[in-house]
Amino acid sequence: MATVSHQQGSNPSSSREVRLSLPVEGMTCASCVGRVERALKAVPGVHTAAVNLATEHASITFTGAPDPQAAVRAIESAGYSVREETTHLAIEGMTCASCVGRVEKALAKIPGVLEATVNLATERARVRHLGGAVSTADLEAAVEQAGYKARRLSAESPSEGDQDAARRDSEARELQRSMLIAALLTLPVFILEMGSHLIPAMHHWVMGVMGQQTNWYVQFALATLVLFGPGLRFFRKGVPALLRGAPDMNSLVSVGTAAAYGYSLVATFIPEVLPQGTANVYFEAAAVIVTLILLGRTLEARAKGRTSQAIKRLVGLQAKTARVERNGEMLEVALDQVMAGDIVFVRPGEKVPVDGEVIEGTSYVDESMISGEPVPVSKSVGAEVVGGTINKTGAFSFRVTKVGANTVLAQIIRLVEEAQGSKLPIQALVDKVTMWFVPAVMAAATVTFLVWLIFGPTPALTFALVNAVAVLIIACPCAMGLATPTSIMVGTGRAAELGVLFRKGEALQALRDVSIIALDKTGTLTKGRPELTDLVPAEGFDYDEVLALVAAVETRSEHPIAEAIVSAAKSKGITLAPIEAFDAVPGFGVTAKVAARTVSVGADRFMTQLGLDVTGFQSTARRLGEQGKSPLYAAIDGRLAAVIAVADPIKETTPEAIRALHALGLRVAMITGDNAATAAAIARQLGIDEVAAEVLPDGKVAALKKFRSKGARVAFVGDGINDAPALAEADVGLAIGTGTDVAIEAADVVLMSGDLRGVPNAIALSQATIRNIKQNLFWAFAYNALLIPVAAGVLYPLNGTLLSPIFAAAAMALSSIFVLGNALRLKRFRAPMTVESSAEAPVGGAALAKPRLANEH
């Protein structure tokens with residue numbers, strides 16, 4: 001990747017030149033090169049511009065500060081484009097929301113960076129930039145200049161899961177070790193100081209055995225070990241941040257503990273410089289603050305690890321090896337050595353290593369990790385299998401179709417990670433506030449110190465110091481920074497377990513606000529393929545006999561209705577007799593000889609033409625019409641034999657899914673190409689509120705706009721392939737389909753199961769997650785709004801209440817733990833509808849679940 005380079009002109013006095021290389025797409029000839037060069041040379045500040053057609057790069061030299069955006073606009077105005085790229089970085093050293101703001105600001109300043117998003121919970125940065133204009137080294141340098149460490153994550157696997165987990169575990173262990181050392185050193189200090197205050201006998205013992213000065217020396221020694229041992233991490237990060245004019249949480253802790261420690265140091269060794277009666281020590285406050293904050297960080301690290309368990313479980317689903325046939329031998333090879341086209345053998349109880357197509361054998365496979373449905377799915381020759389699923393009963397061989405990052409499981413992991421790392425619109429305000437929060441707190445602490453020093457009671461200096469330190473310690477913005485990302489991580493992880501993938505984190509918030517769910521009929525409400533739904537024989541005729549004769553006639557037709565009738569006969573094991581004298585009457589029906597019997601199949605007008613009266617089936621025909629079905633009739637040897645209906649049947653799970661959507665307070669709309677009468681019949685049958693009928697495939701977008709005309713927010717549910725324009729147009733697009741056909745590009749949300757019950761589950765989870773985020777934000781902001789004034793001492797004139805720095809540190813740690821604990825409640829989210837089994841269950845069909853509202857969250 002090309003980078004921005006700097007060079008000095010030949011003349012020592014000449015201005016510094018900056019060279020920028022941009023990839024230009026769409027050029028085909030020398031005239032294209034000329035157009036691009038002319039457009040670039042017209043950009044203010046551009047000294048030279050040279051375009052290479054072979055490499056498709058433009059080399060631009062700026063005099064002074066480069067303006068890549070202006071160069072890109074010039075290239076686009078000339079009719080060409082510049083490629084965009086996305087780089088993922090792991091960021092180390094962030095502790096609070098203000099850190100997030102500083103890293104984002106540092107990355108956004110780099111010429112060529114279009115957008116930088118940083119997530120505190122995942123410790124990741126996602127940088128969108130112009131291709132060729134920014135290097136990884138530029139990004140890492142900017143982050144390091146802001147006071148943090150950055151490491152590029154590979155594009156193939158942004159998680160680098162094992163390495164990342166190992167680093168986090170190591171950090172958690174290091175924090176725990178530091179916290180235990182600090183606690184052991186702090187305990188004697190706390191007992192000596194606080195014990196003397198609270199227990200008279202303890203005070204007399206300390207004074208009699210040790211004496212006050214020796215007591216202070218012991219406290220000084222132990223507190224020094226705490227601050228410059230386990231507590232040194234706060235100074236290493238906080239002091240440089242303070243000197244850069246960008247204070248963070250570590251700066252607050254550093255200043256607070258240094259103030260308490262420094263004051264105590266003066267009181268211990270040169271008390272004569274302090275005003276009379278103010279020579280007190282606060283070694284225990286400095287030591288306890290460090291210990292409590294380390295405790296909070298340790299618990300926070302553990303909770304953060306739990307928020308990413310969904311990803312760990314998904315990664316854990318991958319098999320480590322595969323049994324592959326090579327040169328006629330069966331070999332056990334590592335997963336990364338499996339190639340597309342390999343033949344893989346899977347035994348009972350083993351994981352399917354990668355995606356493929358069964359070529360031999362039959363079995364039932366547990367695909368709950370893909371669809372959320374617990375009942376194993378039948379697999380036979382031609383069926384697709386997905387890596388990570390578990391083979392239950394039989395053995396089979398399959399041909400590998402996808403490996404590595406292209407497998408369904410890899411796509412799921414990538415989708416979940418991207419959703420977990422994204423920012424919701426609700427966080428924009430939080431980011432703005434927290435950028436200024438730490439400097440505001442330091443200003444508040446300074447004001448607190450001065451007010452108490454000037455107006456406070458004796459000893460004013462002591463009161464001023466204690467209250468200023470309390471303000472600094474209690475106002476850590478950790479809880480604010482963790483409020484949104486932790487809920488997103490847990491919520492999207494729980495969704496993945498339920499077979500719901502949020503491709504974009506923003507969909508979490510948008511889905512909660514929708515008021516109309518628009519459903520595509522074919523393949524979403526229905527099974528997507530015609531089936532024989534009704535065959536009512538006339539008196540004197542047998543069901544199987546009529547079906548055998550009619551199906552035999554229909555073998556000559558390629559119409560979907562004919563295919564459905566033939567398929568129904570074959571599924572019952574009926575052998576079809578050969579036919580002769582086949583005759584089709586366009587628009588009416590067909591007639592043929594089957595086993596020496598004359599069979600005619602067609603519409604009511606065909607029966608009338610044959611001289612047969614269909615009024616005997618009038619009530620049955622009316623019932624079928626009310627269900628949106630068009631009846632056909634069969635005649636055998638000149639007698640009316642049966643009324644038949646073929647339709648795309650409603651999925652068994654559709655009615656209860658629609659009831660659940662109504663229970664969530666949503667209106668349900670249907671978009672279909674059926675005529676108005678048929679669409680109205682289906683809508684009545686299912687309880688659908690609004691219908692757009694006779695809609696051609698390219699008219700779905702217009703139908704959505706009509707639903708949205710009154711200000712309603714609309715979600716569209718389709719199969720994610722032919723519904724791509726509608727999925728993109730809707731406020732939220734939900735692609736519903738099987739896990740082996742994930743339409744991840746078109747939709748905002750992907751439902752891995754073909755079950756419509758995933759829609760109310762996704763909406764309920766969205767509502768629960770946003771509710772959880774709002775609870776976290778309320779706690780984080782209300783906590784600071786209430787306790788900062790208390791720490792500053794506003795209650796002292798009323799009832800003498802002051803907040804000890806020790807309690808301030810405990811409260812600060814508690815706020816972050818509360819936010820994380822509240823977010824982890826989403827792991828226990830119960831879907832409003834439990835999918836008991838899949839439509840392909842080996843026995844018993846689909847057991848329908850009773851809707852249950854998720855109102856406990």
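Sequence order as written defines residue numbering, which begins from 1 separately in each chain. pLDDT decides what is reported in this predicted model: residues at 70 or higher carry local features, side-chain atom pairs at 80 or more are listed and counted, and totals for whole chains, interfaces and linings draw on all residues regardless. Values shown for side chains rest on all heavy atoms present in the structure; no hydrogens or waters enter the calculation.

K.L.:
In this structure, what is going on with the confidence of the model for the protein? I would like to understand it.
P.N.:
Atomic detail in the predicted coordinates should be set aside for any region of low pLDDT. Residue-level confidence of the predictor, termed pLDDT, takes values from 0 up to 100. Of the residues in the protein, 86% have a pLDDT of 70 or more, and the chain-wide mean is 80. Throughout residues 1-15 the model reports pLDDT below 50, and contacts reaching past four residues in sequence, or to other chains, amount to 32 contacts. This model gives residues 836-857 a pLDDT under 50, and the stretch forms 61 contacts once residues within four places in sequence are excluded. Every residue pair with non-hydrogen atoms within 4.5 Å of one another is taken to be in contact.

K.L.:
Even after reading the chapter, I still don't get the packing of aromatic side chains, so can you show me in this structure?
P.N.:
Given two aromatic rings, their pairing is described by the distance between the two centres and the angle made by the two planes. Each Phe, Tyr or Trp ring, with Trp reduced to its six-membered ring, pairs with another whose centre is within 6.5 Å; inter-plane angles below 30 degrees give stacked pairs, above 60 give edge-to-face pairs, and intermediate values give tilted ones. One pass over the full model with this rule turns up 13 aromatic pairs. Ring geometry for F396 and F398: centres 6.3 Å apart, planes at 45 degrees, overall tilted. Connected via pairs of aromatic rings, a cluster forms that spans Y217, F220, F228, F235, Y261, F269 and F283. Across from the ring centre of F588, 5.6 Å away, lies the NZ or CZ of R605, which sits over that ring. Lysine and arginine charges are scored as sitting over a ring when NZ or CZ, respectively, is within 6 Å of the ring centre and within 35 degrees of the ring normal.

K.L.:
Honestly, the pairing of strand β2 (residues 17-25) in this entry has me stumped. Any pointers?
P.N.:
Two faces make up the sheet, and in a regular strand the side chains alternate between them. The buried count for β2 comes to 7 of 9 residues, which makes it a mostly enclosed element. At least two DSSP bridges between two strands are required for those strands to pair. Working definition: helices are DSSP H or I runs of at least four residues, strands are E runs of at least two. Numbering for both runs from the N terminus. Examined bridge by bridge, β2 and strand β4 (residues 57-63) share 7 bridges and lie antiparallel to one another. Across the sheet, residue R19 finds its bridge partner in β4, namely T61. Here β2 pairs with strand β5 (residues 81-82) via 2 bridges, running antiparallel. Directly across from E25, in β5, lies its bridge partner S81. Exposure classes here rest on a 1.4 Å probe applied to the protein chains alone. A residue is buried below 20% of its type maximum, exposed above 50%, and partly exposed in between.

K.L.:
Which parts of the structure should I look at to understand the pattern of salt bridges?
P.N.:
Note on pairing: side chains with opposite charge can pair once their charged atoms come close. For this analysis, a salt bridge means a side-chain nitrogen from Lys or Arg found within 4 Å of a carboxyl oxygen belonging to Asp or Glu. Enumeration according to the criterion identifies 20 salt bridges in this entry. One salt bridge connects K700 with D520, and the closest N-O pair in it is separated by 3.1 Å. Pair noted here: K700 is in helix α25 (residues 700-707) and D520 is in strand β20 (residues 516-520), with a separation of 180 residues, a long-range link. Of the two residues, K700 and D520, neither departs from the other in class, the shared state being buried. Close ionic contact of E656 with R757 constitutes a salt bridge, the shortest N to O distance being 2.9 Å. Note that E656 is positioned in helix α23 (residues 654-663) and R757 in the loop between β31 (749-751) and α27 (758-792), a separation of 101 residues in sequence. Exposure remark for E656: the relative accessible area of 2% places this residue in the buried category. Residue class for R757 comes out buried when judged on its relative accessible area of 0%. If you follow the salt bridges from partner to partner, you end up with R323, E332, R347 and E350 in one network.

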